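Chain residues, written in single-letter form:
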Amino acid sequence: MSPCVVRPWALGGDQVEGAGQFGTLGRGDIAAGMFTAILGYTLPIPRLAPRVYAEIDYASGDRNPGGNVGTFNQLQPSAHSFLGYMDFIGRQNIISPLAGVSLSPVRDLTLSLQQYFFWRASDRDAIYGTSGAVFRPGTGTRASYVGAELDLLATYDVTRHLQIYAGYSHFWAGEFIRKTGPSRDSDFLYGALQYTF
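Since the structure is predicted, the reported quantities are computational estimates derived from the model, not experimental observations.

I'd love a proper account of a nonpolar patch on the surface, names of residues and values included.
Where nonpolar side chains cluster on the molecular surface, the patch consists of Y41, L43, I45, L48 and V52 and spans about 400 Å² of accessible area. Its location among the elements puts I45 in the loop between β3 (28-42) and β4 (51-59).

Here it is, written out as structure tokens:
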């Protein structure tokens with residue numbers, strides 16, 4: 001397999017990035033890729049500094065499983081900073097638009113809200129977890145809508161080295177999840193202290 005080619009472009013906090021993967025695997029050819037674009041705007045409200053942003057994330061999937069490979073290989077098995085804090089969805093065979101807002105109501109405190117939606121890029125391929133392993137096989141249904149995730153996060157910089165953060169996430173199961181196994185919605189509540197040397 002040939003190495004991944006990544007070409008990022010950034011404009012004032014906005015970013016466009018793409019990657020292509022080409023080569024061979026056994027007797028099959030590899031032709032896969034990903035694309036992400038982030039566009040945001042900081043509103044001119046001095047003390048709150050609210051920033052609104054939108055993002056689209058795409059990673060290819062197999063059209064015909066077996067033989068040629070069309071599923072993007074995310075290489076580093078973590079989509080945590082791209083596809084939600086619950087870490088259900090990996091960056092393979094996925095289309096995910098996102099809208100979000102962040103603001104700072106008081107000094108050193110940042111609040112953010114993000115809303116993700118997930119569809120399969122190919123309705124013949126699986127949905128993969130953040131490790132790259134199959135989360136749900138794609139052969140049982142042609143349904144594309146996987147679900148949606150809401151993330152709320154608060155971070156507070158106590159000192160230059162110490163940060164406190166807490167968050168809440170909720171995942172709504174979509175048609176694909178409902179047709180391929182257990183399909184209850186999920187909740188995730190967490191908090192942590194982080195010390196940086």
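Tell me what's going on with the environment of S104, and back it up with residues and numbers.
Turning to its location among the elements, S104 is positioned in the loop between β5 (94-103) and β6 (109-119). Residue S104 is classed as partly exposed on the basis of its relative accessible area, which comes to 23%. Distance in space between the C-alpha atoms of S104 and S122 is 39 Å, their sequence separation being 18 residues. In this view, S104 contacts R47, L48, L109 and T110; residues no more than four positions away in its chain are not counted. Engagement of the side chain of S104 in a polar contact is seen with the backbone oxygen of L109, the distance being 3.4 Å.

Tell me what's going on with the layout of surface pockets, and back it up with residues and numbers.
Space inside the largest pocket adds up to approximately 240 Å³. Lining the largest pocket are 13 residues, and of these A31, G61, D62, R63 and G70 sit closest to its centre. Split into classes, the residues belonging to the lining of the largest pocket amount to four nonpolar, seven polar and two charged.

Lay out the packing of aromatic side chains with the relevant residues and their values.
Summed over all chains, the structure comprises eight aromatic pairs. When the centroid spacing of 6.0 Å and the interplanar angle of 5 degrees are considered together, the rings of Y116 and F118 count as stacked. When sorted by exposure, Y116 lands in the same class as F118, which is buried. Aromatic rings pair up to connect F88, Y116, F118, F135 and F171 into one cluster.

Which residues make up the pairing of strand β9 (residues 145-157), and what values do they have?
On a regular strand, each side chain points to the face opposite its neighbour's, so the side chains alternate between the two faces of the sheet. Judged from the eleven bridges that link them, β6 and β9 form a sheet pairing that is antiparallel. When the sheet's bridge partners are listed, Y116 is paired in β9 with E149. Bridge analysis of β9 against strand β10 (residues 162-173) gives eleven bridges, and the strand direction is antiparallel. Considered in β10, the bridge of L150 is made with H170. With antiparallel pairing between neighbouring strands as the criterion, β9 and β10 make up a hairpin whose turn holds four residues.

Criteria and thresholds
- Residues numbered from 1 in each chain as written.
- Predicted model: local features only at pLDDT ≥ 70, side-chain atom pairs only at ≥ 80, totals over all residues.
- Heavy atoms only, no water.
- Patch = residues over 30% accessible without salt bridge, like charges linked within 9 Å, V, L, I, M, F, W, Y side chains within 5 Å.
- Areas by Shrake-Rupley, 256 points an atom, 1.4 Å probe, with all protein chains shown as cover.
- Salt bridge = Lys/Arg side-chain N within 4 Å of Asp/Glu carboxyl O.
- Helix = DSSP H or I, 4+ residues; strand = E, 2+ residues; numbered from the N terminus.
- Buried < 20%, exposed > 50% of the residue type's maximum accessible area, 1.4 Å probe, protein only.
- Contact = heavy atoms within 4.5 Å.
- Polar contact = N/O pair within 3.5 Å; in protein donor to acceptor, adjacent residues only side chain to side chain.
- 1 Å grid on protein atoms, 1.4 Å probe; cavity = no way out; pocket = protein on both sides within 12 Å on 5 of 7 lines; lining within 4 Å.
- Points joined across faces, edges and corners; volume = space filled by probe spheres on them.
- Nonpolar A, V, L, I, M, F, W, Y, C, P; charged D, E, K, R; others polar.
- Phe/Tyr/Trp six-rings, centres within 6.5 Å; stacked < 30°, edge-to-face > 60°.
- Pairing = 2+ DSSP bridges.

Without other data, these values stay purely geometric and don't point to any function.
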